[in-house]
Amino acid sequence: SVYDRVRRFYDEVVDRLVVRAMHLAGVRPIEDTYRFLSGASSNASFSDRTRMKLARDFIIARREPWFLHLHLVDTHCCDWGFAPYRFSKPTIVQDRQWRADRADDALWQVDRYIGELLELLRETEQLERTIVVVFSDHSMGWSTVERIPLLISIPGQDDGRRVKTNVALLDVGPTILDILKLDRPNWMEGRTLLDPSGLEPDHPIYALWDSWQSGADALGPAHGPRSASIVLCNQWVELTLQGAARRDGLVESHTNPCSDASLEQRARALLTHHLAAN
């Protein structure tokens, strides 16, 4: 109801104000969840240029074996202010073509950063014993039904193998463990990409669209799933989680499309079952 939504918003605002007031008064510091989980002394916000410097320092100083997850965000949103102008030019009129060119600026910059890290690994004689994974969590516009990059460099293997069937980020963990010849824990989902027998053409890939809710459907200042999607071979289906709206289509430039006429119907049934089971 409207009352429930207003009440939730009110409780959230009051809670945030009380926490901050107690922090300013010296009664109780604001809880730093990132610090609690990671043990890090700070959770700073900084540009990819700074992240790159920290990553270089880490690689040079860290004793092996080490693990590094570098999250580059200059490609994320919204005017890509940290990227140098290469394909676009500074302008007040930021139309669709300018945004596309500016996004290419950011991609070019990230490509340079990845090259710098690979060169550093080569210079420090670590490249031949380092697994390198390059991936993205979604495509431009936060779409979950388009192709995204996933590249894995395995030491000692340079055959340029390409997996043409659908894979998911859930498959990265099992693949790394398989490369390292380590046992996979029972709770881990996903498949190893090193086993061709497990890469079925119609393996379903599920995703949730999680975003700020606004307008008439707003439920307060919180994130929440808006829709769920499935990609089955080259068919995708998306269902809203508030109502009965549905969209569907085909993944463009799919590397291993299917010709099954019942693919859309199967995808819708699988997605409904997945939501009910989870």
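Residues numbered from 1 in each chain as written. Predicted model: local features only at pLDDT ≥ 70, side-chain atom pairs only at ≥ 80, totals over all residues. Heavy atoms only, no water.

On to the packing of helix α3 (residues 48-61) against helix α4 (residues 96-123). Running from N to C, α3 and α4 cross one another at 10°; their axes reach a closest spacing of 11 Å. Compared by their axis directions, α3 and α4 come out roughly parallel. Between α3 and α4 the crossing geometry is right-handed. Counted together, Asp-48, Arg-49, Met-52, Ala-55, Arg-56, Ile-59 and Ile-60 of α3 and Tyr-113, Glu-116, Leu-117, Leu-120 and Leu-121 of α4 form the full contact between these two elements. Per-class residue counts for the contact of α3 with α4 are eight nonpolar, no polar and four charged. (Axes fitted to C-alpha atoms, helices over the stretch in contact; angles between N-to-C directions. Helix = DSSP H or I, 4+ residues; strand = E, 2+ residues; numbered from the N terminus. Parallel < 35°, antiparallel > 145°, perpendicular 65-115°, else oblique. Left-handed = near helix turned anticlockwise from the far one by under 90°. Contact = heavy atoms within 4.5 Å. Nonpolar A, V, L, I, M, F, W, Y, C, P; charged D, E, K, R; others polar.)

Moving on to unusual backbone geometry. Look at the link from Glu-64 to Pro-65: it is a cis peptide, with omega at 0°. Counting through the fold element by element, Pro-65 comes out in the loop between α3 and α4. In this structure, Glu-125 is a non-glycine residue whose phi angle is positive, near 60°. With respect to the helices and strands, Glu-125 occurs in the loop between α4 and β1 (132-135).

Below, the discussion takes up the environment of Arg-247. Mapped onto the elements of the fold, Arg-247 is located in strand β6 (residues 246-250). Residue class for Arg-247 comes out partly exposed when judged on its relative accessible area of 48%. Sequence-wise, Arg-247 and Val-237 are 10 residues apart; in three dimensions their C-alpha atoms are separated by 5.8 Å. If sequence neighbours within four positions are ignored, Arg-247 has contacts with Trp-236, Val-237 and Glu-238. Polar contacts involving the side chain of Arg-247 include one to the side chain of Glu-238, which spans 2.5 Å. (Buried < 20%, exposed > 50% of the residue type's maximum accessible area, 1.4 Å probe, protein only. Polar contact = N/O pair within 3.5 Å; in protein donor to acceptor, adjacent residues only side chain to side chain.)

Let us look at helix α5 (residues 172-179). Among all positions in α5, only Val-172, Pro-174, Thr-175, Leu-177 and Ile-179 are buried. Residues of α5 that are buried sit in contact with β1 and β2 (150-153). A positive phi of about 60° marks Lys-181, the residue just after α5.

Our next topic: the pattern of salt bridges. The final tally for this structure, using the stated rule, is 15 salt bridges. Taking the shortest distance from any N to any O, the salt bridge between Asp-57 and Lys-53 comes out at 3.0 Å. With Asp-57 and Lys-53 both in helix α3, this residue pair falls four residues apart, about one helical turn. Since its relative accessible area comes to 47%, Lys-53 is described here as partly exposed. The residue Asp-105 makes a salt bridge to Arg-102 at a minimum N-O spacing of 3.0 Å. With a gap of three residues between them, Asp-105 and Arg-102 both fall in helix α4, about one helical turn apart. Because the salt bridges share partners, they merge into one network encompassing Arg-246, Asp-248, Glu-264 and Arg-268. (Salt bridge = Lys/Arg side-chain N within 4 Å of Asp/Glu carboxyl O.)

This part takes up the nonpolar core. Within the largest apolar cluster, 11 residues are counted, these being Met-52, Ala-55, Ile-59, Leu-72, Val-110, Tyr-113, Leu-117, Leu-120, Leu-121, Leu-127 and Val-132. Among the elements of the structure, α3 and α4 are those that each provide at least two residues to this core. No other element matches α4, which puts five residues into this core. Membership of the second largest hydrophobic core comes to nine residues, among which are Ile-230, Leu-232, Leu-263 and Ala-267. (Core = buried A, V, L, I, M, F, W, Y, C linked by side-chain atoms within 4.5 Å.)

Attention now moves to the confidence of the model for the protein. Close reading of the predicted structure is inappropriate where its pLDDT is low. Looking at the protein as a whole, the pLDDT averages 85, with 87% of positions reaching at least 70. By mean pLDDT, helix α2 (residues 33-38) is the weakest element of the protein at 66, and α5 is the strongest at 96. Here residues 213-222 is modelled with pLDDT under 50, and outside its nearest four sequence neighbours on either side it reaches 22 contacts, counting other chains as well. (pLDDT = per-residue confidence, 0-100.)

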